Protein chains: 4
Amino acid sequence: MTVRFGLLGAGRIGKVHAKAVSGDANATLVAVADAFPQAAEAIASAYGCEVRTIEAIEAAKDIDAVVICTPTDTHADLIERFARAGKAIFCEKPIDLDVARVKACIEVVEETGAKLMVGFNRRFDPHFMAVRKVIDDGKIGDVEMVTITSRDPGAPPVDYIKRSGGIFRDMTIHDFDMARFLLGEEPVSVLATAAVLVDKAIGEAGDYDSVSVILQTASGKQAVISNSRRATYGYDQRIEVHGAKGMAAAENQRPVSIEVANGDGYTRPPLHDFFMTRYTEAYANEIAAFIAAIEKGTKISPSGADGLAALALADAAVQSVKEGKLIKVG
Amino acid sequence: MTVRFGLLGAGRIGKVHAKAVSGDANATLVAVADAFPQAAEAIASAYGCEVRTIEAIEAAKDIDAVVICTPTDTHADLIERFARAGKAIFCEKPIDLDVARVKACIEVVEETGAKLMVGFNRRFDPHFMAVRKVIDDGKIGDVEMVTITSRDPGAPPVDYIKRSGGIFRDMTIHDFDMARFLLGEEPVSVLATAAVLVDKAIGEAGDYDSVSVILQTASGKQAVISNSRRATYGYDQRIEVHGAKGMAAAENQRPVSIEVANGDGYTRPPLHDFFMTRYTEAYANEIAAFIAAIEKGTKISPSGADGLAALALADAAVQSVKEGKLIKVG
Amino acid sequence: MTVRFGLLGAGRIGKVHAKAVSGDANATLVAVADAFPQAAEAIASAYGCEVRTIEAIEAAKDIDAVVICTPTDTHADLIERFARAGKAIFCEKPIDLDVARVKACIEVVEETGAKLMVGFNRRFDPHFMAVRKVIDDGKIGDVEMVTITSRDPGAPPVDYIKRSGGIFRDMTIHDFDMARFLLGEEPVSVLATAAVLVDKAIGEAGDYDSVSVILQTASGKQAVISNSRRATYGYDQRIEVHGAKGMAAAENQRPVSIEVANGDGYTRPPLHDFFMTRYTEAYANEIAAFIAAIEKGTKISPSGADGLAALALADAAVQSVKEGKLIKVG
Amino acid sequence: MTVRFGLLGAGRIGKVHAKAVSGDANATLVAVADAFPQAAEAIASAYGCEVRTIEAIEAAKDIDAVVICTPTDTHADLIERFARAGKAIFCEKPIDLDVARVKACIEVVEETGAKLMVGFNRRFDPHFMAVRKVIDDGKIGDVEMVTITSRDPGAPPVDYIKRSGGIFRDMTIHDFDMARFLLGEEPVSVLATAAVLVDKAIGEAGDYDSVSVILQTASGKQAVISNSRRATYGYDQRIEVHGAKGMAAAENQRPVSIEVANGDGYTRPPLHDFFMTRYTEAYANEIAAFIAAIEKGTKISPSGADGLAALALADAAVQSVKEGKLIKVG
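- Naming follows an unreviewed UniProt entry, where chain A appears as Inositol 2-dehydrogenase of Rhizobium croatiense.
- Of the comments in the UniProt record for chain A, the one headed Sequence similarities (unreviewed entry) reads "Belongs to the Gfo/Idh/MocA family."

Set out below in structure tokens:
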């Protein structure tokens, strides 16, 4: 069986998914839609698919699944429409910035029985998957403490910041999901600190650029997240899991792994410059997992519920910073 | 000039300092005192010094400085006595488990004009000193986020736990000092979580074995501390400083740095098994700095005020865990 | 312009190139030929191309270039035929195991003005290319000593060994090419030792499985090559270049870079299991360079002359082992 | 029992041994002799020992053992004198630059039954010892290929070069000994190349500064040695042992192991600047082993025979370069 895809949104991340779908032996990219015809046509010509309207894709008989890469504020509506149209749905995170809206959307998904996967791509990074496997294989015993370091090479434009829902809902949300993925137990409390150290304009927009978070589960397992909108040495993405019997860590990735030595010391090149190159394999694996779940009719993960849980942690972090106290969740 | 030393306390850490003093070209170990004569005699015979009573050392004309390695509850009293006796004082951390008592003790030190150095040995670790130097040299710009990971290979006996003042005052206190050393700005708030994951008996004794802490300074700089009383792979001691222009980190140390590869992968040996071997150079450098400060009449660091500041952070962490909120300090 | 390809040989390495050609935006795979129709059809169906005979590809107007992946003893003949047919030719190493035959073949290529690239894929590995760039940028000064370590995870079947021309012509030949690539000056002498340490059957077939070689150039630059047909920890592929101003090295690659720590130490997974996964990017880059050279009409490298030079070094190594002396080349 | 030492030679390496002897709980430094009274007095005053003549040390009843750190051309004579005087002897390498003289000296040692240890300090480096232990524990199976990289930060003065016996007898000799230590089987053949790449004056003095050597044993085990008199990044000292079941390596050592990351990449500091700091522990362990062998009456290693074997390999390397052929040894 080949899964036939429609792509909604032909921007930066849309291109990533167009390539992943086209390169997968079990999928075909049938059509692409975008408010900007040129963007849609660029993808259509590169991958040999049609340009259609969203409505046409919704009504199409030759399309089994859609990938939603449109702006965030359209996600929930599109998910509902395509769930009702009987398509399998892959949606970039987040479903929405508002918890109530996300819940309503998930209800529609459940009523229709639609398949929905949320784009937490990092779960599909081969290195992070290998850490998860080390845990599953019992090699480090019960998980006790998770450490996630996630720093962007630079801050996005303030315009983006304003629409983003803030650092916790835009950036840390990936780490909240990763913490849940690694802890294997739901966090029940959130402690967070936040500051503006990188760019005053971010503060003036009501957001932060440097945050630290502690999550704790009912049994006392802890996850610590460290985020910054600045890292001169590249896209810093590390995870570490400390357990009763040992420790497992995934280190940073760089495009070339060479070392040059001289009187200044031994130097290895900077890391990948951002998520597009760092998570190339993760994006391909993610779409492959979505396709496999459709083909085999198996459960989809990460689901809408995972998207909701991460958003709830982000909301709690915002509240913890404001109120200077531990916020209970779940 | 040679600084002539008396050693108070001939236990495990006393031996470390006896060796450091004896091995230092600018110092002589003149006498040792201990409640257990055998312990004192062992040191006396190994290093060719006399066994004396504390009173005799206090009154001695041939002793310029003392190293206090007796049980914690005697530290403050001894500091006061030897300050009044005109000796320079090196005291193992902590001065006392009670902030008020520490303050009173420091007052006496100030009145007498005595020199007092507190044993935060990690400031003298060559690797951590090199990170501090990188900061001082401006190589990573303004410090933004500090990460300290500190895990003991195993938990101490519960009897020790009971007398220790709890994990924050006994173990994390080193990391509070390290955070202050690296941040270069005083923390003004403390957020802490704590759990019992390693040994239930520790919980029954009213303490924790796994804790996470976030400190924040007035300008928003953050330090995250992760502690566990368990680490199967050795004594885990890492610091990382993230700044506006770059990042500096000191990695773990192991006694032998070899690598063995086979079908299971590439394996390097475990880390040092505990602080005695991990911080050998730090202990020697620490005493050398104390001796140098006496000889040159320069300011001593870390001082009693540093001991007090770290203890205040520990107290705030205890309170943060109990009350589930951010605690202001300073 | 799109370069239209015919593929000769649909075996293991043929599949690698079929994928590389198909995945390249500037190329199309038009047809494939193989003595085993099933092998050809498998590629034809996977990449949507035709199955044709070699003769048909030779005569085809819709084919600009061929990739030769047939058995070694057919390479020289096919190169000559396709040179005369006016096609651009990419040929897997070696052109032939006999220097005289290689020379005759290169003469035909020169007479016809055909473009010929020889498959020394490692020159296109991104890590090795980065080392070459470090040299070109003058960062390590004049090259003085090159060290190449190349060990296969396991020995090939003895049947293969017998047809291979021996370890120097089959395996070390890649390292001879890499040495030339890195030295930037032709070797003028070869010293080699060889032994059978891995598998006696290899010795009985008249070959060796463990060899060490020293090359030296006229100015005294040296390259040391270490080969083994055994490596329990994966496919060991390292290069190091020591120069007047510094050193540059490319380290081994592994599919996942995680680390697991426990009482046995810190363990990273084994390396890639062989060249197909280790050099995935190199194969894609190699074909892309071939395509680019055709499109732009630029000089092709590595050329037939490079193939000949590496083979001459291999022959000299065989002679050095037999005669126990330094053999002059070039 | 305490072993009472006389030190012959109070130069750079004499100081290293004076410190090692003084710091060893089972030894006392009784006296020091040097042609330059000031040098001897400096050591005498630092370590609280007497200055005596060589004759006085030879005749002394209160001295059990001597450490010979005088110029190379006095070694053999002094060994013979002190062997006849019934002292245990530790002699810095080499015994002599002439094989015949070394053999004659060893005969005297054997006749007198004196204990003689030769200063191949690297055998006592904790990291190299750990590699040897990995071999002894059978973890990598039968040794097949040894790789030794040894590069000095800079060339010694040409005056020194002239007296040194040449790079093979002065510098590579340590690697010849290390190869024997790691191979566990005697080399039977030597292939060597040599060039002048660092300093023309070295060539004018009749020596080389960049050499590569291959040793092979009767069973085919190989050791490759790479030496240079130049390394901008510090004192480069690496060993690697490849065996039937795996590989073991000791990596380079640096005084501080930190990492600084910025837009230029991740940089670790240069290595130790030379052997005095790199091999501090090795020198202490070496003297401790000498003392232990005296106390326990056990066999001493490395012995005079080890010194002779390494020198024979050096002579063979010189001959191999001159004659351009493989030289048989042993």
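### Here we look at the sheet that holds strand 3 (residues 50-51) of chain A
All names here are of chain A.
Thought 1: Taken in spatial order, the 6 strands line up as 3-2-1-4-5-6 in an open sheet, and their pairing is parallel. Two strands lie at the open edges of the sheet, namely strand 3 and strand 6 (116-119), each paired on one side alone.
Thought 2: As paired elements, strand 1 (residues 3-8) and strand 2 (residues 27-33) share 6 bridges and run parallel to each other. Each bridged residue has a counterpart across the sheet, and for Val3 the counterpart in strand 2 is Ala27.
Thought 3: Across the sheet, helix 2 (residues 37-47) is in contact with strand 1, strand 2 and strand 3; its angle to strand 2 comes to roughly 155 degrees.

### Considerations on the relation of the copies chain B and chain C
Thought 1: Each copy of the sequence occupies a distinct position, and chain B is placed on chain C by a rotation of 180 degrees and an axial shift of 0.0 Å, giving an RMSD of 0.0 Å. As the rotation angle and translation indicate, the two copies are arranged about a two-fold axis. Measuring from the rotation axis to each C-alpha of chain B, the shortest distance belongs to Thr267 of chain B, at 2.1 Å.
Thought 2: Comparing contact sets, 100% of the residues at the interface of chain B also lie at the interface in chain C, consistent with an isologous, same-surface contact.

### Notes on the packing of helix 5 (residues 99-112) of chain D against helix 13 (residues 304-323) of chain D
Residue and element names in this part refer to chain D.
Thought 1: The N-to-C vectors of helix 5 and helix 13 enclose an angle of 170 degrees; their axes lie 10 Å apart at closest approach. Judged by the angle between their axes, helix 5 and helix 13 are roughly antiparallel. Touching Val99, Val102, Lys103 and Ile106 of helix 5 are Gly304, Ala305, Leu308, Leu311 and Asp315, all from helix 13.
Thought 2: For the contact of helix 5 with helix 13, a count of residues per class yields 6 nonpolar, 1 polar and 2 charged.

### Some details on the domain arrangement of chain A
All names here are of chain A.
Thought 1: As assigned here, chain A comprises domain 1 (3-114) and domain 2 (123-282 + 309-328).
Thought 2: For the pairing of domain 1 and domain 2, the buried interface totals around 780 Å² over both sides, and the portion due to carbon and sulfur atoms is 72%.
Thought 3: It is Arg12, Lys93 and Leu97 in domain 1 that bury the most area against domain 2; as a group they hold 65% of the surface buried on that side.
Thought 4: For the interface between domain 1 and domain 2, the tally reads 1 salt bridge.
Thought 5: Of the charged contacts, one joins Lys93 and Asp170 as a salt bridge, the two residues approaching to 3.8 Å between their closest N and O atoms.
Thought 6: At the junction of domain 1 with domain 2, the criterion picks out 1 residue pair in polar contact (both at pLDDT 80 or more).

### Some thoughts on the interface of chain B and chain C
Thought 1: The partner chain C presents 16 residues to the 16 residues of chain B that form the contact.
Thought 2: Carbon and sulfur atoms make up 48% of the area that chain B and chain C hide from each other, which totals about 1,200 Å².
Thought 3: Three residues, Tyr233, Tyr266 and Arg268 of chain B, lead the burial of chain B against chain C; their summed loss comes to 44% of the area buried on that side.
Thought 4: The interface formed by chain B and chain C includes 2 salt bridges.
Thought 5: Arg268 of chain B is the partner of Glu259 of chain C in a salt bridge, and the nearest nitrogen-oxygen pair spans 2.6 Å.

### Details of helix 6 (residues 126-136) of chain B
Each α-helix turn comprises 3.6 residues. Residues three or four places apart therefore point the same way.
Residues and elements named next belong to chain B.
Thought 1: In terms of burial, helix 6 is a largely internal element, 8 of the 11 residues being buried.
Thought 2: Turning to helix 6, its buried residues number three or more, namely Pro126, His127, Phe128, Ala130, Val131, Arg132, Val134 and Ile135.
Thought 3: A positive phi of about 75 degrees marks Gly138, the residue just after helix 6.

### Considering the pattern of salt bridges
Thought 1: Enumeration according to the criterion identifies 112 salt bridges over all chains in this entry.
Thought 2: The partner of Lys325 of chain A in a salt bridge is Glu323 of chain A, with the nearest N and O atoms 3.6 Å apart.
Thought 3: Residue Glu55 of chain C is joined to Arg81 of chain C by a salt bridge in which the shortest nitrogen-to-oxygen separation is 3.5 Å. Residue Glu55 of chain C is found in helix 3 (residues 54-59), and its partner Arg81 of chain C is found in helix 4 (residues 75-84); the two are separated by 26 residues along the sequence.
Thought 4: Three or more residues are tied together by salt bridges with common partners; here these are Arg123, Asp177, Arg180, Glu186 and Asp306 of chain A.

Calculation criteria
- Residues numbered from 1 in each chain as written.
- Chains lettered and ligands numbered in written order.
- Predicted model: local features only at pLDDT ≥ 70, side-chain atom pairs only at ≥ 80, totals over all residues.
- Heavy atoms only, no water.
- UniProt positions renumbered as here; feature names shortened; annotations may be inferred.
- Pairing = 2+ DSSP bridges.
- Helix = DSSP H or I, 4+ residues; strand = E, 2+ residues; numbered from the N terminus.
- Contact = heavy atoms within 4.5 Å.
- Axes fitted to C-alpha atoms, helices over the stretch in contact; angles between N-to-C directions.
- Least-squares fit on C-alpha atoms with pLDDT ≥ 70 in both.
- Parallel < 35°, antiparallel > 145°, perpendicular 65-115°, else oblique.
- Nonpolar A, V, L, I, M, F, W, Y, C, P; charged D, E, K, R; others polar.
- Domains from an automatic or database assignment.
- Buried area = accessible area lost by both parts, 1.4 Å probe.
- Salt bridge = Lys/Arg side-chain N within 4 Å of Asp/Glu carboxyl O.
- Polar contact = N/O pair within 3.5 Å; in protein donor to acceptor, adjacent residues only side chain to side chain.
- Buried < 20%, exposed > 50% of the residue type's maximum accessible area, 1.4 Å probe, protein only.

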